[in-house]
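Per-entry structural report
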Amino acid sequence: MASELVNRILKGDVLAAARLIRDIENEDPDAAGILADIYPHTGHAFIVGITGAPGSGKSTLLGGMINFFRKNKDMTVGVVAVDPTSPLTGGAFLGDRMRMQGREVDSGVFIRSLASRGWKGGLSKAAADTVSVMDAMGKDIVFIETVGSGQGDVDIAGITDTCIAVLIPGMGDDIQMMKAGIMELADIFVINKADREDAGSLKTLLESVVDMKERSPGDWKPPVFLTEATTGRGIEQLGEEILRHRDFLTSSGELEKRRKGRAK
Ligand SMILES: Nc1nc2c(ncn2[C@@H]2O[C@H](COP(=O)(O)OP(=O)(O)O)[C@@H](O)[C@H]2O)c(=O)[nH]1
Ligand SMILES: [Mg+2]
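1. Side note on the overall build of the protein
The helix and strand inventory of the protein stands at twelve helices and seven strands. Buried positions account for 50% of the 264 residues belonging to the protein. Residue pairs in contact within the protein that sit at least 24 positions apart in sequence constitute 76% of those at least 6 positions apart. Accessible surface for the protein amounts to roughly 12400 Å². Of this, 51% is attributable to carbon and sulfur atoms.

Shown next, in the form of structure tokens:
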């Protein structure tokens, strides 16, 4: 039975994948065996983390990203939304579902939210396992959305290839991000809600912080992008940048290094 479930997941069967993800969520001991069987079939998907304060526009940005990768790049997309600060029935989850719903009928898109609960094995592990399921399903790119409070929540950089930090003008969360160590971890910075005042000065500040870090020639220097998720401004550039970072990781050998570190 288990092997049948594995085969169905490898063929991209949504119901089979949803069943395994439900078992992962319930921390069902049977999930571990099935996961062990699908791990050898993972590694195809490019994994992108998107982190930032609640309300910064992560889900709205993701809606734009899904469109970009489906339409402009003909890539299949998975999304894992994790919000440990909100209960399953809370506004954040409903909001996530609704804003991304337009794409749920497209079989090239698979979206799942992970519920908040008293995780025994850890939310990071459940999130990583859910990403693996989507990877095994054959998704080309998998996004994981988390609230980056830096307070024991999902260790996003540990499970992603590209880490995107989302900030917004005028919230003082620039300082929050620096505290949380996101400055060290982000590969791409996004200042969303660029329609607001002070977006330009936050960009200047962030760029100067990025510049302070010493780098060798050939190192990746995290760019800072302005976006307006609600209108789609800057979305294509951000999508292209994700692919540019993927190319950088591949050609520099960094991707292999990161993934080997992760496997440990
Ligand atoms: N003005 C403005 N509002 C935005 C922008 N992007 C998202 N929003 C709004 O910000 C709110 C929170 O967005 P959401 O995507 O749920 O944020 P999340 O909690 O980070 O996932 C929603 O009301 C969005 O419509 C933007 O670029 N400009
Ligand atoms: Mg959200």
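2. Some points on the sheet that holds strand E7 (residues 224–226)
In spatial order, the strands read E3-E2-E4-E1-E5-E6-E7; together these seven strands make up an open sheet with parallel pairing. Each having just a single partner strand, strand E3 (109–114) and E7 make up the two edges of the open sheet. Across the sheet, the axes of successive neighbouring strands diverge by a mean angle of 20 degrees, strand direction being ignored. Strands in contact with helix H6 (residues 123–136) are strand E1 (46–52), strand E2 (77–82), E3 and strand E4 (141–147); relative to E2, the strand with the most contacts, it is inclined by about 165 degrees. Strands strand E5 (162–167), strand E6 (188–191) and E7 of the sheet are contacted by helix H10 (residues 199–212), whose axis makes an angle of about 165 degrees with E6.

3. Section: the packing of aromatic side chains
In the structure shown here, the tally under the stated rule is three aromatic pairs. Seen from their ring centres, Trp220 and Phe248 are 5.3 Å apart, and the 45 degrees between their planes marks the pair as tilted. On the criterion of sequence distance, the pair formed by Trp220 in the loop between H10 and E7 and Phe248 in helix H11 (residues 235–252) is long-range, its members being 28 residues apart. Taken together, the ring pairs connect Phe68, Phe69 and Phe143 into an aromatic cluster.

4. Considering the environment of Phe69
With respect to the helices, strands and loops of the structure, Phe69 is situated in helix H4 (residues 58–72). On the accessibility criterion, Phe69 (0% relative accessible area) is buried. Leave out the neighbours within four places in its chain, and Phe69 touches Asp74, Met75, Val77, Ile141, Phe143, Gly239, Ile242 and Leu243.

5. Considerations on the environment of Met134
Along the chain, Met134 falls in helix H6. Leave out the neighbours within four places in its chain, and Met134 touches Gly78, Val79, Val80, Phe110, Arg112, Lys139 and Val142.

6. As for the confidence of the model for the protein
Averaged over all residues, the pLDDT of the protein equals 85, while 81% of them reach at least 70. Highest mean pLDDT in the protein belongs to H11 (98); lowest belongs to helix H5 (residues 91–100) (47).

7. Quick notes on H4
The terminal C-alpha atoms of H4 lie 20 Å apart, and with 15 residues this matches the ideal 21 Å at 1.5 Å per residue to within 8%. Among the residues of H4, Lys58, Ser59, Leu61, Leu62, Gly63, Gly64, Met65, Ile66, Phe68, Phe69 and Arg70 are the ones counted as buried. Asp74 occupies a position one or two residues after H4 and carries a positive phi of about 55 degrees.

8. Side note on the side chain of Lys139
Of note, Lys139 is situated in the loop between H6 and E4. Look at Lys139 and you get buried, because its relative accessible area is 6%. Other than its neighbours up to four places away in sequence, Lys139 contacts His44, Ala45, Thr76, Val77, Gly78, Ser107, Gly108, Val109, Phe110 and Met134.

9. Examining unusual backbone geometry
Unlike most non-glycine residues, Glu27 shows phi in positive territory, near 50 degrees. The topology assignment puts Glu27 in the loop between helix H2 (14–25) and helix H3 (30–38). Despite not being glycine, Asp198 shows a phi value in the positive range, around 75 degrees. Its place among the elements puts Asp198 in the loop between E6 and H10.

10. Side note on the pairing of E3
If a strand is regular, its side chains alternate between the two faces of the sheet. Among the six residues in E3, five count as buried, and that is most of the element. Where E2 meets E3, six bridges bridge the pair, whose relative direction is parallel. Paired with Gly78 across the strands is Phe110, a residue of E3.

The rules we used
- Counting restarts for each chain: residues are numbered from 1 in the order of the written sequence.
- Both sets of labels track the order of writing: A upward for chains, 1 upward for ligands.
- Reporting of local features is limited, given that this is a predicted model, to residues whose pLDDT is at least 70; pairs of side-chain atoms are given and counted only at 80 or more, and all residues count toward the totals for whole chains, interfaces and linings.
- As a convention, hydrogens and water are excluded, and side-chain values are obtained from all of the structure's heavy atoms.
- Only DSSP runs of H or I with at least four residues qualify as helices, and only runs of E with at least two residues qualify as strands; both kinds are numbered from the N terminus onward.
- Think of it in three bands: with a 1.4 Å probe and only protein chains considered, a residue is buried below 20% of the maximum accessible area for its type, exposed above 50%, and partly exposed in between.
- Pairs of residues are marked as contacts when any of their non-hydrogen atoms sit within 4.5 Å.
- Residue burial considers only the protein chains on display, and all accessible areas are found by Shrake-Rupley using a 1.4 Å probe.
- Paired strands, in this sense, are two strands between which DSSP finds at least two bridges.
- Axes here refer to lines fitted to C-alpha atoms; in helices the fit is confined to the stretch in contact. Angles between the N-to-C directions go from 0 to 180 degrees.
- Any two rings among Phe, Tyr and Trp, with Trp reduced to its six-membered ring, count as a pair given centres within 6.5 Å; such a pair is stacked if its planes are under 30 degrees apart, edge-to-face if over 60, and tilted if neither.
- Along the chain, pLDDT gives the predictor's confidence residue by residue, from 0 to 100.
- One fewer than the residue count of a helix, multiplied by 1.5 Å, yields its expected span.

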